[in-house]
Amino acid sequence: MPFVRIFPLRISGQYQDSETYKARLFYDIESEGELVKGRDCEVFFKKGNRLVHPWNLRVGQHMGDLSEYKTFMDSLCYYIFHELRYYLESDEQEMQSFYIAIDFKDVHFSVYSEIQDKEA
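Residues numbered from 1 in each chain as written. Predicted model: local features only at pLDDT ≥ 70, side-chain atom pairs only at ≥ 80, totals over all residues. Heavy atoms only, no water.

### Some points on the pairing of strand β2 (residues 20-31)
Step number 1: Where burial is concerned, most of β2 is hidden: nine out of the 12 residues are buried.
Step number 2: Both strand β1 (residues 3-17) and β2 contribute to a ladder of 12 bridges, which runs antiparallel. By the bridge assignment for β2, D17 is matched with T20.
Step number 3: Remark: two residues form the turn of the hairpin made by β1 and β2, two consecutive strands paired antiparallel.
Step number 4: Of the strand pairs in this sheet, β2 and strand β3 (residues 34-47) are connected by 11 bridges, and their pairing is antiparallel. Its bridge partner lying in β3, E30 is registered against L35.
Step number 5: Once β2 ends, the chain turns through two residues before running back antiparallel as β3, passing E32 with a positive phi of about 50°. (Buried < 20%, exposed > 50% of the residue type's maximum accessible area, 1.4 Å probe, protein only. Helix = DSSP H or I, 4+ residues; strand = E, 2+ residues; numbered from the N terminus. Pairing = 2+ DSSP bridges.)

### Structural notes on the packing of aromatic side chains
Step number 1: Taken as a whole and assessed by the stated rule, the structure comprises six aromatic pairs.
Step number 2: Measuring from centroid to centroid gives 6.1 Å for F45 and F81, while their planes differ by 90°, and the two rings are edge-to-face. With F45 in strand β3 and F81 in helix α1 (residues 70-83), this residue pair connects regions lying 36 residues apart in the sequence.
Step number 3: The buried category is assigned to F45, whose relative accessible area is 1%.
Step number 4: In this structure F81 comes out as buried when scored by relative accessible area, which is 10%.
Step number 5: Residues F72 and F109 carry aromatic rings whose centres are separated by 5.3 Å and whose planes lie at 75° to one another, so their mutual orientation is edge-to-face. Of this pair, F72 sits in helix α1 while F109 sits in strand β6 (residues 109-112); the two residues are 37 residues apart in sequence, bridging distant segments of the chain. Here F72 matches F109 in class, with each residue buried.
Step number 6: By the ring-pair criterion, three or more aromatic residues cluster together here, those being F72, Y79, F104 and F109. (Phe/Tyr/Trp six-rings, centres within 6.5 Å; stacked < 30°, edge-to-face > 60°.)

In C-alpha cells:
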C-alpha cells in the first residue's frame, strides 16, 4: 500500500497521564481505488518541546494501517493545531477533566508509506 488517501473522521479521547492524552482516531482509507470505511486506531497526544504548540501525535503500538504513515500523523497534528486552532489543556489539573472531541469535515491526506519507500 505505497500511496493512500486517508480521510480522518473524528478523534475522541481524554487524559491519560501528566504528559499524555489517549484517544481513538476514526478514519476511512483509500488505496488503489478501493475505499475501506470505518477504521479506527489508538493515538496519543504527547507533550513535546515544540515552540508553536507543545503536542505530538503518535499511533499506538501495532495499530495496522496508520503505523506506516508518520508523515500523515505529523500533518494531521499540524492541521489540528494550526488550521483548526484546536487547544489542549496543558495544566495537569485541567487535563484530567478535559475531553478531546474533534470532528473533521471534508478533509483528506494523500500520503506514501515511509516503510515501503525505504524498502524500494
